Amino acid sequence: MSADRKVPMDRRYFLAGAAAAIGGAAALPAAAMEGSTEMLPGASSSVRNNASSFRMLDWQNYFDNTRRGAILVDLTSRALHFWSEDQSTYRLYPTSVPLSEDLTRRGRTEVVQKVVAPTWRPTPAMRERNPEWPEVVEGGSPDNPLGTHALYLSWTYYRIHGTHDTRKIGRRSSNGCVGLYNEHIQELFALTQVGTQVLLI
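The text that follows walks through the structure, step by step, so that each part is easy to find.

The rules we used
- Residues numbered from 1 in each chain as written.
- Predicted model: local features only at pLDDT ≥ 70, side-chain atom pairs only at ≥ 80, totals over all residues.
- Heavy atoms only, no water.
- Helix = DSSP H or I, 4+ residues; strand = E, 2+ residues; numbered from the N terminus.
- Buried < 20%, exposed > 50% of the residue type's maximum accessible area, 1.4 Å probe, protein only.
- Contact = heavy atoms within 4.5 Å.
- Areas by Shrake-Rupley, 256 points an atom, 1.4 Å probe, with all protein chains shown as cover.
- Phe/Tyr/Trp six-rings, centres within 6.5 Å; stacked < 30°, edge-to-face > 60°.
- Lys NZ or Arg CZ within 6 Å of the ring centre and 35° of its normal.
- Pairing = 2+ DSSP bridges.

Attention now goes to the overall build of the protein. Helix and strand counts for the protein come out as 3 helices and 10 strands. The helix and strand sequence of the protein, counted from the amino end, reads α-β-β-β-β-β-α-β-β-β-β-α-β. Scored against the burial criterion, the 201 residues of the protein give a buried share of 47%. Long-range pairs, those at least 24 residues apart, make up 66% of the contacts in the protein between residues at least 6 apart in sequence. Of the roughly 10,400 Å² of accessible surface on the protein, a fraction of 50% belongs to carbon and sulfur atoms.

It is worth spelling out the packing of aromatic side chains at this point. Applying the stated rule across the entire model yields 4 aromatic pairs. Look at W83 and Y90: their rings are 5.5 Å apart centre to centre, the planes differ by 45°, and that puts the pair in the tilted class. Of the two residues, W83 and Y90, neither departs from the other in class, the shared state being buried. Through a chain of ring-to-ring contacts, three or more aromatic side chains come together here, namely F63, W83 and Y90. When the ring centre of F189 is taken as reference, the NZ or CZ atom of K114 above it lies at 4.6 Å.

Once that is clear, we can look at the sheet that holds strand β3 (residues 90–94). Spatial strand order, β3-β2-β1-β10-β5-β6-β7-β9: 8 strands in an open sheet with mixed pairing. The strands lining the two open edges of the sheet, one partner per strand, are β3 and β9 (178–179). Of the pairings in the sheet, the one linking strand β5 (residues 107–116) to strand β6 (residues 149–153) comprises 5 bridges and is antiparallel in character. Opposite V116, over in β6, you have H149 as the bridge partner.

Shown next, in the form of structure tokens:
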């Protein structure tokens, strides 16, 4: 195993990190996405909420090669996996996923553009569903739904991006995109390149 390979597998690590992130961002406005997060039911004898499906995966099961790097987004476990081209670097990040099946897209795409401080504009469908949303939120704004960095995919309107609202990570909470904590998208942004393969399953 490479020394560069850091895979946080402890559930307490994620809970502590999420709590810290929420504490630092709780005061930020969420006007552009308010009320758009699915809240999971509480644990009971018949419902268990845990991170058991948040596990390492092998790239060989999903890609023919890792040329230009590979990103696998597992929508069921709400996790993003990254392998570098030379396979010396592997990362595993918790994500947000689309709110509903009709907003969900699966299949192969690739990174076509990398943007720091991306400007957010709701899609026409989003504006139709939420006419009260702003037409634009400029990059760098603390309430920008795309967070600090974004990887634009070859599919129109689809992104892997950060988020200003850390409560969304680990939940069905997006309008189609895949969201990460801002610290994680910054790391992934540095690791990826235009042409990195992406598969959503």
